[in-house]
Amino acid sequence: MTANQKPEIKHEFGPREAMEYDIVIVGGGPAGLSAAIKLKQLAFGQGKDVSVCLLEKGSELGAHILSGAVMDPCALNELLPNWKERGAPMGVKVSEDRFLFLTEAGSLKTPNLILPASFKNAGNYVISLANLVRWLGQQAEALGVDVFPGFAAAEVLYSDDGSVKGVATGNVGVDREGRPTGAFQPGIELHANYTMFAEGARGHLGRQLIERFGLDKGKDPQSYSIGIKELWEIDPNRHQPGLVLHTAGWPLDSKTYGGSFLYHMENNQVAVGFTVGLSYQNPYLSPFEEFQRFKSHPAIRNFFEGGKRISYGARAIAAGGLQSLPELVFPGGALIGCEAGFMNGSKIKGIHMAIKSGMLAAESAFDAVSNGRMHDALAEFPQAFRQSWLHEELYRARNFKPWMNKGLHVGTVMFGIDQVLFRGKAPWTLRRQRADHEYLLPAAQCRPIAYPKPDGKLTFDLMSSLYLSGTSHEENQPNHLTLKDPNVPVGINLAVYDGPEARYCPAGVYEFVTGESGAKRLRINAANCVHCKTCDIKDPTQNIVWIAPEGGGGPNYPNM
């Protein structure tokens, strides 16, 4: 009996309803939607009927989508060559690249002549990924894909032989203690010949599958960053459509991987964001506060004078590269997009990779279904990946994150040599041995960081920022931020690391409070969660496990 279908619930409400499809896709991002579209294109092209269902836990397609974003259109050109005629919301073409190295008071612009090709964006577009995803959803539905937003896949279903046979959505209308309320509705089982998992970075079902099937055996640990983003409307006189600006350096120290982006979009809007590698060492570091401090730099703040902040959000990024990719397939399914880690960290781009990975998986799954196969491993998918431009691009960028793990100065020089001198084909491949959470040092070995107070005009506090994410959850539901051991947060995290979860979370979910007895305890404000997955990744004891809350909960991003 599964955790999602307790005996008492089954006794009162009966077994769950089941629906049958050829392909079930979990996640309505660019990878999942591209796989769905490609499957239907192939079916129509060969006069076959292939049923496809896509589940999305957000309240609508795009509600949980957050990205920079500058997009390479190469994969979209393959998937939908007439995307311009179809009205794809591709924003504006990149008009200028700037890369700055920041010190506390100054900046140094890198001449474009010596910039590696990975930092040049000619021919790319500044877009809202959330808007592109909504448009891709329209294309998928027009082709006959059953798209179900507001339904969270909560459980992987297995056949007797151990292969994946589908997923089940979570029960709705369950109180904090796990008891059915008057609004209770049991989850639904979705069975398929093959199930594709496209939940994004650190997907909770993908994590289970990687562990169950040993998909990461012999691979480097995945490496993540947290990306925090704001959307602004700025003074038209300060706006330059298509300007793409990146920075490295201040306010982070040279040992900490990270940097910023500032992308000028349409309609006087600017997307500004900050990424911090989750392998950082100092438990006093707050990615949110580093972002706010970054905006105060003299080379940056002028863009925002007289502007208005519109939205806020955060999401983890899987950036380990080729060496960290798990095995892509297992009996009955596949990992695609950021779920697997298809991200070019050196380009700071993953959208085109997500789309291409979805297309490759769809082609393999379509051939398998057409030949009457089911629940076996789609071996053709990883073979096709290794023969594609997707593998070639990841191979050329494979040493980026390992070099940057050695610090800003060494990493910049050595990756520059890797790209400019060797064109990404250096006769060595660097490896990483430790997961991000293993880098955190005890608080006694680190210096506390004093962050400036927000001014409410350029820099802001956490709670007013969270309000702009549109985040909401049903309050009376089980906590989706679970603890393996409730004693660890105070006994280890607070005692040894001074409670880093209160600082690495960009939504104020975790706070240590003093009870009436004077003892400290961890309070989890689960309703604040923006589903970034940082806690699941950075918790030094790996005691926090993120699971899916009720479908429809979480952030409601506009054009992020």
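### Quick notes on the packing of helix 8 (residues 351-370) against helix 10 (residues 389-396)
Working step 1: Running from N to C, helix 8 and helix 10 point in directions that differ by 140°, and their axes come no closer than 10 Å. Relative to helix 10, the element helix 8 lies oblique. For the pair helix 8 and helix 10, the sense of crossing is left-handed. On helix 10, the residues that touch H352, M353, K356, S357 and L360 of helix 8 are W389, L390, E393 and L394.
Working step 2: Classifying every residue of the contact of helix 8 with helix 10 gives 5 nonpolar, 2 polar and 2 charged.

### Focus: the environment of E155
Working step 1: Looking at the secondary structure, you find E155 in strand 9 (residues 153-158).
Working step 2: C-alpha separation for the pair E155 and L231, spaced 76 residues apart in sequence, amounts to 34 Å.
Working step 3: A distance of 3.1 Å separates a polar atom in the side chain of E155 from a polar atom in the side chain of R16.

### Details of the nonpolar core
Side chains that are nonpolar tend, in soluble globular proteins, to be buried together.
Working step 1: Ranked by internal contacts, the top residues of the largest apolar core, which has 81 residues, are I23 and F197.
Working step 2: The element that contributes the greatest number of residues to this core is helix 8, accounting for 12 residues.
Working step 3: For F197, the contacting residues outside a window of four places in its chain are V26, V156, V164, V167, L205, L209, F330, A334, L335, I336 and E339.

### Describing the pairing of strand 16 (residues 258-264)
Working step 1: Most of strand 16 sits out of view: 7 of its 7 residues are buried.
Working step 2: Every second residue of strand 16 is oriented toward a common face, with G258, S260, L262 and H264 on one face and G259, F261 and Y263 on the other, all of them buried.
Working step 3: Across 4 bridges, the pairing between strand 15 (residues 243-249) and strand 16 is antiparallel. From the neighbouring strand, T247 faces strand 16, where its bridge partner is S260.
Working step 4: Pairing between strand 16 and strand 17 (residues 269-277): 7 bridges, direction antiparallel. The partner of S260 across the bridge, within strand 17, is F274.
Working step 5: As consecutive antiparallel partners, strand 16 and strand 17 are separated by 4 residues, and within that stretch N267 has a phi angle of approximately 55°, a positive value.

### Re empty space enclosed by the protein
Working step 1: The final tally for this structure, using the stated rule, is 2 cavities of 30 Å³ or more.
Working step 2: In terms of residue class, the lining of the largest cavity is made up of 11 nonpolar, 2 polar and 1 charged.
Working step 3: A volume near 60 Å³ is recorded for the second largest cavity.
Working step 4: Together, A319, G320, G321, M343, N344, G345, S346, L394, A397, R398, F400 and K401 line the second largest cavity.
Working step 5: Looking at the lining of the second largest cavity residue by residue, the class counts come to 5 nonpolar, 5 polar and 2 charged.

### Overview of the sheet that holds strand 3 (residues 70-71)
Working step 1: One open sheet holds the 3 strands; their spatial order is 3-7-4, and the pairing between them is antiparallel. Here the strands that pair on one side only, and so sit at the sheet edges, are strand 3 and strand 4 (92-93).

Criteria and thresholds
- Residues numbered from 1 in each chain as written.
- Predicted model: local features only at pLDDT ≥ 70, side-chain atom pairs only at ≥ 80, totals over all residues.
- Heavy atoms only, no water.
- Axes fitted to C-alpha atoms, helices over the stretch in contact; angles between N-to-C directions.
- Helix = DSSP H or I, 4+ residues; strand = E, 2+ residues; numbered from the N terminus.
- Parallel < 35°, antiparallel > 145°, perpendicular 65-115°, else oblique.
- Left-handed = near helix turned anticlockwise from the far one by under 90°.
- Contact = heavy atoms within 4.5 Å.
- Nonpolar A, V, L, I, M, F, W, Y, C, P; charged D, E, K, R; others polar.
- Polar contact = N/O pair within 3.5 Å; in protein donor to acceptor, adjacent residues only side chain to side chain.
- Core = buried A, V, L, I, M, F, W, Y, C linked by side-chain atoms within 4.5 Å.
- Buried < 20%, exposed > 50% of the residue type's maximum accessible area, 1.4 Å probe, protein only.
- Pairing = 2+ DSSP bridges.
- 1 Å grid on protein atoms, 1.4 Å probe; cavity = no way out; pocket = protein on both sides within 12 Å on 5 of 7 lines; lining within 4 Å.
- Points joined across faces, edges and corners; volume = space filled by probe spheres on them.

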